Amino acid sequence: MTTLIKIAPMRAKEQKAVALISGGLDSMLAARIVLEQGVHVEGINLFTGFCVEGHTHAIRKKDRQREKRNNALWVAEQLGIKLHFIDAVDAYKDVVINPKHGYGKNLNPCLDCKSFMARIAYQWMLANGFDFIVTGEVLNQRPMSQRRRCLPVIAVDSGAGDRLLRPLCAKHLPATLPEREGWVDREQLHAFHGRSRKPQLALAASFGIEDYAQPAGGCCFLTDSSYSNKLRDLWRARGDRNYELDDIMLLKVGRHLRPRNNFKLIIGREEGENRFLEGYRERFTHMRALSHSGPLALIDGQVDENDLILAARLTARFSQGRDAKSVSVQVNECQGDSRRLNVVPLSSKQVPREWYL
Amino acid sequence: MMSERHTLDARRLLCPMPVIRLQDFVSTVPSGDLIDVFCTDPGTRSDIPAWCRINGHQLVGIEEQRDELVITLRVGSGEGRHP
């Protein structure tokens, strides 16, 4: 007698990919392409402290009422995937301070940054039993980090090697492990290149994606010349190329004026910024006009009596008493002592352009 | 087992730091417990509920107190927990 044994078909192991989700369209599309192929995808988003993620909107009063969303979270929700945030502030310092591949036009270490993000994703992949990494990079889209010779550098420097899949431009690149193993079908990947957004927009339309973030001015403060100048000034003044999270957050807020090498003033531009700066009153000597309405000013640096008077005159300059003969300014030492200075506000001619950072 | 109520101070933090602090805190709290998150960034009004939906936690309420938001959530089961 023959016994028929019914053998259930072997179910292939579900492949798992971790996608770097920035919140923009490219990483959204890259994750979606892989999801469409039946791969389990989860997202990670790295917070470096330099991300342009609506911080100035959260601070400024006029923008606080505007509806705001975290684009990475929004993208993850649209895709139906989990999103894991990673606090990369401390680990990222070495990228900014000692970029192996140098800076771009400003203090943007784009190639090192891409490698760093892929490395964190690779470490996350290993720690969580995932199989490969997905990014939204497009060949030759950006001048520094997405040139043909740079993409392999990112794969090597990050340690991710051929577990790094770029679905939007994969057909321009050698097949990666997920393609060779058949975890994804290379034929369904793309050959996008260059700065044109048309292919991405067409692909988004084919997926029915109509809403996506369109960041104006990039996604990183380090690409901004004004911000980079302030960071360079901070390093020069302290004689040390280092920073804490509070330092780089404060560079996003207020007017920064350096009238002397030994100190600078951070002056709120409106009520929301003043309120934000108030959170730093215990760390900085600060001042504000008493006789007239005016902004809060933090003093960053060591000051003597002459410096304090100059700072008070500058603070008065940005108050409603700028044309008054005398303005009373309350000075609060960070140790808690406070006193009042009566000063003549500086005129506009007495504030040289080069004081502004 | 009785669920407990916890407090997380995320005042003065700008997004996504309140969500990161919450994500880390939730990983130490048993499912079923409540967390009151105190925030000053108005973006948390949308970000924390979105994070809850994605990760399987239940948003209980959002209360506005002057310039602060108190966002209350109930920690979900292991399925949606941060690894």
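Note on numbering: residues in each chain are counted from 1, in written sequence order. Key to labels: chains lettered from A, ligands numbered from 1, both in the order written. For this predicted model, a pLDDT threshold of at least 70 governs which residues receive local features, and a threshold of 80 or more governs which side-chain atom pairs are given and counted, while totals over whole chains, interfaces and linings are taken from all residues.

Undergrad: Sorry, what's going on with the overall build of chain B here?
TA: Numbered from the N terminus, helices here are DSSP runs of H or I no shorter than four residues, and strands are runs of E no shorter than two. In terms of helices and strands, chain B carries two helices and four strands. Starting at the N terminus and ending at the C terminus, chain B contains elements arranged as β-α-β-α-β-β. In chain B, buried positions account for 35% of the 83 residues. Contact between two residues is assigned when their C-beta atoms, built from the backbone, lie within 7 Å. Residue pairs at least 24 apart in sequence account for 64% of intrachain contacts in chain B once pairs closer than 6 positions are excluded. Any residue with 12 or fewer other C-beta atoms within 10 Å of its own C-beta is exposed, any with 20 or more is buried, and the rest are partly exposed; the C-beta atoms used are placed from the backbone.

Undergrad: Honestly, the sheet that holds strand 3 (residues 58–65) of chain B in this entry has me stumped. Any pointers?
TA: Pairing between the strands of a sheet comes from backbone hydrogen bonds, and it takes one of two forms, parallel or antiparallel. All names here are of chain B. Here the rule is simple: two strands pair whenever DSSP picks up at least two bridges between them. Reading across from one edge, 1-2-4-3 is the order of the four strands in this open sheet, with mixed pairing throughout. Among the strands making up the open sheet, the edge pair consists of strand 1 (5–10) and strand 3. Between one strand axis and the next, the sheet turns by 20° as a mean value, whatever way the strands run. Inspection of the sheet shows strand 2 (residues 34–39) paired to strand 4 (residues 68–74) by six bridges, in the antiparallel sense. The residue bridging Asp-36 from the neighbouring strand is Thr-72, located in strand 4. Those strands touched by helix 1 (residues 17–26) are strand 1 and strand 2, and its axis lies near 150° from that of strand 1. Lines fitted to the C-alpha atoms define the axes, with helices restricted to the stretch that makes contact. Angles between their N-to-C directions range from 0 to 180 degrees. Packed on one face of the sheet, helix 2 (residues 44–55) meets strand 2, strand 3 and strand 4 and runs near 10° to strand 4.

Undergrad: Could you clarify how one ought to interpret the packing of helix 6 (residues 110–127) of chain A against helix 7 (residues 150–158) of chain A in this entry?
TA: Residues and elements named next belong to chain A. The contact between helix 6 and helix 7 brings their axes to 8 Å, and the two run at 45°. Compared by their axis directions, helix 6 and helix 7 come out oblique. Relative to helix 7, helix 6 is oriented so that their crossing is right-handed. On helix 7, the residues touching Leu-111, Lys-114, Ser-115, Ala-118, Arg-119 and Tyr-122 of helix 6 are Cys-150, Val-153, Ile-154, Asp-157 and Ser-158. The class makeup of the residues in the contact of helix 6 with helix 7 is six nonpolar, two polar and three charged. Geometric relationships in this document are graded by angle, where less than 35 degrees denotes roughly parallel, more than 145 denotes roughly antiparallel, 65 to 115 denotes roughly perpendicular, and other angles denote oblique. Handedness of a crossing follows from how the near helix is turned relative to the far one, being left-handed for an anticlockwise turn of less than a right angle and right-handed for a clockwise one. Residue polarity is assigned by list, with Asp, Glu, Lys and Arg as charged and Ala, Val, Leu, Ile, Met, Phe, Trp, Tyr, Cys and Pro as nonpolar; anything else, Gly included, falls into the polar class.

Undergrad: Got a minute to help me understand the domain arrangement of chain A in this structure?
TA: Note: interface size is frequently given as the accessible area lost on complex formation between the parts. For the domain bounds, the source is a domain assignment made automatically or taken from a database. Taken domain by domain, chain A holds domain 1 (16–221) and domain 2 (254–355). A C-alpha centroid distance of 42 Å is found between domain 1 of chain A and domain 2 of chain A.

Undergrad: What exactly am I supposed to notice about the nonpolar core here?
TA: Within soluble globular proteins, side chains that are nonpolar generally end up buried alongside one another. Note on terminology: a nonpolar core is any set of buried Ala, Val, Leu, Ile, Met, Phe, Trp, Tyr and Cys residues joined through C-beta atoms within 7 Å. The biggest cluster of nonpolar side chains holds 119 residues, and the ones touching the most others in it are Ala-17, Ala-31, Ala-121 and Ile-133 of chain A. Each of domain 1 (16–221) and domain 2 (254–355) of chain A gives at least three residues to this core.

Undergrad: Can you walk me through the environment of Val-60 of chain B in this structure?
TA: Residue and element names in this part refer to chain B. Counting through the fold element by element, Val-60 comes out in strand 3. A sequence separation of 45 residues divides Val-60 from Cys-15, and the C-alpha atoms of the two residues are 20 Å apart. Apart from residues no more than four positions distant in its own chain, Val-60 is found in contact with Leu-34, Thr-72, Leu-73 and Arg-74.

Undergrad: Can you walk me through the interface of chain A and chain B in this structure?
TA: Across the contact, 20 residues belong to chain A and 20 residues belong to chain B. Of all elements in the fold, only helix 2 (55–59), helix 4 (71–79) and strand 3 (83–87) of chain A reach the threshold of two or more residues within the side of chain A that touches chain B. Split by residue class, the side of chain A that touches chain B holds seven nonpolar, six polar and seven charged.

Undergrad: Would you mind showing me how to read helix 2 of chain B here?
TA: Because an α-helix completes one turn every 3.6 residues, residues spaced three or four positions apart along the sequence face the same direction. All names here are of chain B. To estimate how far a helix should extend, the number of its residues minus one is multiplied by 1.5 Å. Compared with an ideal rise of 1.5 Å per residue, which puts 12 residues at 16 Å, helix 2 spans 16 Å between its outermost C-alpha atoms and is within 8% of the ideal. If you check which residues of helix 2 are buried, you get Thr-44, Asp-47, Ile-48, Trp-51, Cys-52, Ile-54 and Asn-55. Down the axis of helix 2, the smallest arc covering the buried residues is 165°, so these residues share one side. Along the arc lie the directions from the helix axis toward the C-beta atoms.

Undergrad: Any chance you could explain helix 5 (residues 89–97) of chain A here in plain terms?
TA: Residues and elements named next belong to chain A. For helix 5, the set of buried residues is Tyr-92, Val-95 and Val-96. Angularly, the buried residues of helix 5 cover 90° about the axis, an arc narrow enough to put them on a single face. Looking at the buried residues of helix 5, the elements they touch are helix 6.

Undergrad: Where do I start with the pairing of strand 7 (residues 263–267) of chain A in this structure?
TA: For a regular strand, the rule is simple: side chains alternate between the two faces of the sheet. Residues and elements named next belong to chain A. Counted residue by residue, strand 7 has five buried out of five residues, so it is predominantly covered. The two faces of strand 7 match: Phe-263, Leu-265 and Ile-267 on one face and Lys-264 and Ile-266 on the other face are all buried. In the sheet, strand 6 (residues 255–260) pairs with strand 7 via four bridges, with the strands oriented antiparallel. In the strand pairing of strand 7, His-256 is matched with Ile-266. From the end of strand 6 to the start of strand 7, which pair antiparallel, there are two residues.

Undergrad: Just to check I follow, could you spell out the pairing of strand 11 (residues 338–343) of chain A for this structure?
TA: Residues and elements named next belong to chain A. Direction of pairing for strand 10 (residues 327–332) relative to strand 11: antiparallel, over a ladder of six bridges. The partner of Gln-330 across the bridge, within strand 11, is Arg-340. Between the antiparallel neighbours strand 10 and strand 11 lie five residues, among them Gly-336 with a positive phi of about 115°.

Undergrad: Sorry, what's going on with the packing of helix 1 of chain B against helix 2 of chain B here?
TA: Pairs of packed helices are described in terms of their axes, by the angle between the two and the distance that separates them. All names here are of chain B. Two elements in contact, helix 1 and helix 2, have axes whose closest approach is 10 Å; the angle formed by their N-to-C orientations is 35°. Remark: the crossing between helix 1 and helix 2 carries right-handed chirality. Facing helix 1, whose interface residues are Pro-18, Val-19 and Leu-22, helix 2 presents Thr-44, Asp-47, Ile-48 and Trp-51. The class makeup of the residues in the contact of helix 1 with helix 2 is five nonpolar, one polar and one charged.

Undergrad: So what exactly am I meant to see when it comes to the sheet that holds strand 3 of chain A here?
TA: Residue and element names in this part refer to chain A. Ordered in space as 3-2-1-4-5, the five strands form an open sheet in which the pairing is parallel. Either end of the sheet is taken by a strand with one partner, and the two such strands are strand 3 and strand 5 (164–165). One ladder, built from five bridges, connects strand 2 (residues 40–47) with strand 3; its direction is parallel. Within strand 3, the residue paired with Asn-45 across the bridge is Phe-85.

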